[in-house]
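# Residue-level structural notes
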Number of protein chains: 2
Amino acid sequence: MKIIHTCHSLIEEINKLREQSPQTGFVPTMGALHNGHLQLIKTAREENDIVVCSIFVNPVQFNSALDLEHYPRNPENDIALVKNYCDILFMPSVAEMYPRPPQEEYHFGLLEATMEGQYRPGHFNGVAIVVKRLFDLVQPDIAYFGRKDFQQLAIIKQLVHDYNMKITIRSIDTVREDDGLAMSSRNRLLSPQARSVASFIWQTLCKAQLLKKEKNPREISHWIQEQFNGHKSFSLEYAQLVNAETLEEVNEYNQAENIVACVAVWLDKVRLIDNIMIK
Amino acid sequence: MKIIHTCHSLIEEINKLREQSPQTGFVPTMGALHNGHLQLIKTAREENDIVVCSIFVNPVQFNSALDLEHYPRNPENDIALVKNYCDILFMPSVAEMYPRPPQEEYHFGLLEATMEGQYRPGHFNGVAIVVKRLFDLVQPDIAYFGRKDFQQLAIIKQLVHDYNMKITIRSIDTVREDDGLAMSSRNRLLSPQARSVASFIWQTLCKAQLLKKEKNPREISHWIQEQFNGHKSFSLEYAQLVNAETLEEVNEYNQAENIVACVAVWLDKVRLIDNIMIK
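Keep in mind that this is a model prediction, so the values were computed, not measured.

## Digging into the side chain of T43 of chain B
- In this fold, T43 of chain B is placed in helix α2 (residues 35-47).
- Sequence-distant contacts of T43 of chain B, that is, excluding residues within four places in its chain, are made with Y144, R170 and I172 of chain B.

Okay, structure coming up:
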C-alpha cells in the first residue's frame with residue numbers, strides 16, 4: 001500500500017495502476033477507522049482491481065470548531081487497519097485539499113434541508129465539496145458509503161446524478177457492536193456510563209419497526225419521540241419516517257415505496273445518528 | 001476525429017487514447033469557431049499527443065435569454081474546421097452537461113466582481129461551472145484560452161489553483177482581423193455598417209498604449225472613456241487599467257508589475273470586449 005499526501009501524486013499513481021487494471025473502488029473516510037469502515041474497504045477489495053481509501057477530516061463539513069477539534073484521530077492505527085486491503089491510502093493536508101478556503105456551494109433542495117440539515121447548517125454542502133473533489137481526483141468506478149449516514153448517501157447519489165459522473169454508489173449495511181449500537185468514530189467519545197445505555201437507540205428503532213402493523217408512520221415517529229423523551233440520558237433532535245428516495249416525511253404507508261426511520265440524539269455531549277428500514 | 005455527445009463515452013474514449021499517449025491538450029469553446037479558436041487548437045496540436053475540443057453553448061453563463069438565443073451556431077462548419085487537428089470533438093447537449101439545472105456556486109472575490117462582473121452578474125459563476133465540469137471530464141494536461149477574454153483567464157487560473165488541479169492554463173494572443181478587430185463569434189452579428197467602424201476599438205487601445213509616457217493609468221482610462229463617449233456608434237460599459245494578476249484598478253504605474261487596459265463596448269446591439277497590455 002502506498003501512502004500519498006498530494007493531489008498531483010495521487011493522480012499520477014492512480015493513472016499508473018490503472019494502465020494495468022482499470023476497475024477502481026474508492027472508500028472516502030474521515031479516519032478513526034472502525035469495523036464499519038473496514039467492511040466498506042473489504043467489499044471494495046472484493047469488487048475491484050484497485051482500491052483507494054482516503055482519510056481526511058474535512059473541516060468544512062463541521063458546524064462547530066469544538067466538534068472538529070474533538071473529532072477522534074488515530075492515523076497510525078488507521079494505516080495498520082487498511083494496509084492489507086488498499087493499494088493507495090490518500091491522506092492530504094487541509095492546505096492540499098483546499099489551497100484557498102473552498103468557495104463553491106452545492107444545493108440539494110429538500111434532500112439537504114430536512115433532518116440533519118435543520119441541525120447542521122452547511123454540513124451537506126461541506127460533504128459535497130469534499131466528495132466532489134475526491135471523486136474528481138480518484139475517478140473511481142465504484143464508491144462505497146455506509147448506510148448509517150442515510151441522508152448523506154442520498155446527497156451523494158444526487159451529486160453523482162447532477163454531474164453525470166460515471167460512478168456507481170454502493171451502500172453497505174451499518175455494522176453494529178454486539179449490543180446493536182451502530183459503529184461510529186464518535187462512539188469512542190462516549191463515557192463508559194453513556195456507552196452502557198447507547199444501545200437504547202437501536203433497540204428503540206427495532207421496536208418501532210415491529211409497530212408497523214398497528215401504527216401508521218406518523219404514529220410511529222411520535223412513538224419514537226416519546227421513547228427518547230422518556231429516557232433521561234438522551235436528548236432527541238429528530239425522529240422521522242421518510243421516503244427513502246426523496247426523504248419527504250411520510251404520514252401513511254402508501255406515500256412511499258420504501259420508508260426509513262431516522263433519528264439523531266445527543267448522549268453525553270456526543271451526537272449520534274442511526275436509522276432502520278421500516279418498509 | 002471522433003465526435004462524442006455523452007460524458008460517459010467521452011471518458012471512455014479519452015482513457016483509451018491515453019493508454020498509448022498520455023499528454024492531453026484541451027480547447028473548450030462555445031462553437032461558431034473562427035481563426036482565434038483555430039489558433040488555440042493548432043497550438044494544442046503542436047504541444048500534445050491528444051487534442052480534445054469541446055463545443056457547448058453554455059446556457060448558465062448567459063445573462064439574457066435573448067443573448068443566448070442569438071448566439072451564433074454553426075456546427076457543420078465547426079466540425080469541418082477542426083477535423084484535421086482534433087482527436088475528439090465533444091458536443092454534449094444541455095441535458096447531458098446538466099442532468100439537473102446546476103446548483104453549485106463559485107466565488108472569486110474581486111476577480112469576478114470587477115469589470116464584466118458589474119455588467120454580467122452570474123456570468124463567471126456560469127463559466128466556472130462549465131469549465132470545472134469539462135476539466136473533470138477531460139482531465140487535460142494543458143488547457144488553452146484566448147487572451148481576448150482576459151478576466152475569464154484570471155478566473156480560470158484561480159479555479160485551477162483553488163482545486164489543486166493538475167492542469168496548465170496556456171493563454172494565446174488574441175487573433176485579429178486585418179483591421180485589428182479582435183476575432184469573436186459575436187462579430188458576425190454586426191451589421192456591415194457597424195463592422196466598418198468596429199476597428200475603432202483596437203485603434204483606441206493601441207493609441208492608449210502609446211500614451212503611457214505622458215499619462216498615468218488613471219488618465220489613460222479617462223482618455224479611453226472620452227474616445228468612446230465621443231464616437232456616436234459606441235456605448236461604453238467600462239474602460240479600466242488593471243493589475244494583470246489581481247485585476248485591481250491601478251492609478252499609478254508602480255501599483256502593478258503588469259498593467260492591462262480592458263474595455264467593453266456596445267456597437268449596434270452587440271457587446272464587444274478587448275484589451276491591450278499597457279506595461
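Let us keep going from here.
## Here's the deal with the pairing of strand β7 (residues 234-243) of chain B
Residue and element names in this part refer to chain B.
- With 9 of 10 residues buried, β7 is to be regarded as a mostly interior element.
- When β7 meets strand β8 (residues 259-267), the two strands line up antiparallel, connected through 9 bridges. Across the sheet, the residue bridging to N243 is I259, located in β8.

## Some thoughts on the sheet that holds strand β4 (residues 88-90) of chain A
All names here are of chain A.
- Sheet architecture is open: 6 strands sit in the order β1-β4-β3-β2-β5-β6, paired in parallel fashion. The open sheet is flanked by β1 (2-4) and β6 (168-172), the only strands paired with a single partner. Strand-to-strand twist in this sheet, taken as the mean axis angle between neighbours without regard to direction, amounts to 25°.
- Across 5 bridges, the pairing between strand β5 (residues 142-146) and β6 is parallel. If you follow G146 over to β6, its bridge partner there is I172.

## A closer look at the domain arrangement of chain A
Residues and elements named next belong to chain A.
- Domains assigned within chain A are domain 1 (2-172) and domain 2 (185-274).
- Placing a centre on the C-alpha atoms of domain 1 and another on those of domain 2 gives a separation of 26 Å.
- Taken together, the contact between domain 1 and domain 2 spans 24 residues of the former and 18 residues of the latter.
- With both chains or domains summed, domain 1 and domain 2 bury close to 1800 Å², and 59% of this area falls on carbon and sulfur atoms.
- It is M115, Y119 and F150 that lose the most area in domain 1 upon contact with domain 2, and together they represent 33% of the buried surface on that side.
- Our enumeration of links across domain 1 and domain 2 arrives at 2 salt bridges.
- Of the charged contacts, one joins E116 and R271 as a salt bridge, the two residues approaching to 2.8 Å between their closest N and O atoms.
- Where domain 1 touches domain 2, the interface holds 7 residue pairs in polar contact (both at pLDDT 80 or more).
- For the side of domain 1 that touches domain 2, the secondary structure elements donating two or more residues are α3 (65-70), α6 (110-113), α7 (116-119) and α9 (150-162).
- Each residue belonging to the side of domain 1 that touches domain 2 can be placed in one class, and the counts come to 11 nonpolar, 8 polar and 5 charged.

How each quantity is defined
Residues numbered from 1 in each chain as written. Chains lettered and ligands numbered in written order. Predicted model: local features only at pLDDT ≥ 70, side-chain atom pairs only at ≥ 80, totals over all residues. Heavy atoms only, no water. Helix = DSSP H or I, 4+ residues; strand = E, 2+ residues; numbered from the N terminus. Contact = heavy atoms within 4.5 Å. Buried < 20%, exposed > 50% of the residue type's maximum accessible area, 1.4 Å probe, protein only. Pairing = 2+ DSSP bridges. Axes fitted to C-alpha atoms, helices over the stretch in contact; angles between N-to-C directions. Domains from an automatic or database assignment. Buried area = accessible area lost by both parts, 1.4 Å probe. Salt bridge = Lys/Arg side-chain N within 4 Å of Asp/Glu carboxyl O. Polar contact = N/O pair within 3.5 Å; in protein donor to acceptor, adjacent residues only side chain to side chain. Nonpolar A, V, L, I, M, F, W, Y, C, P; charged D, E, K, R; others polar.

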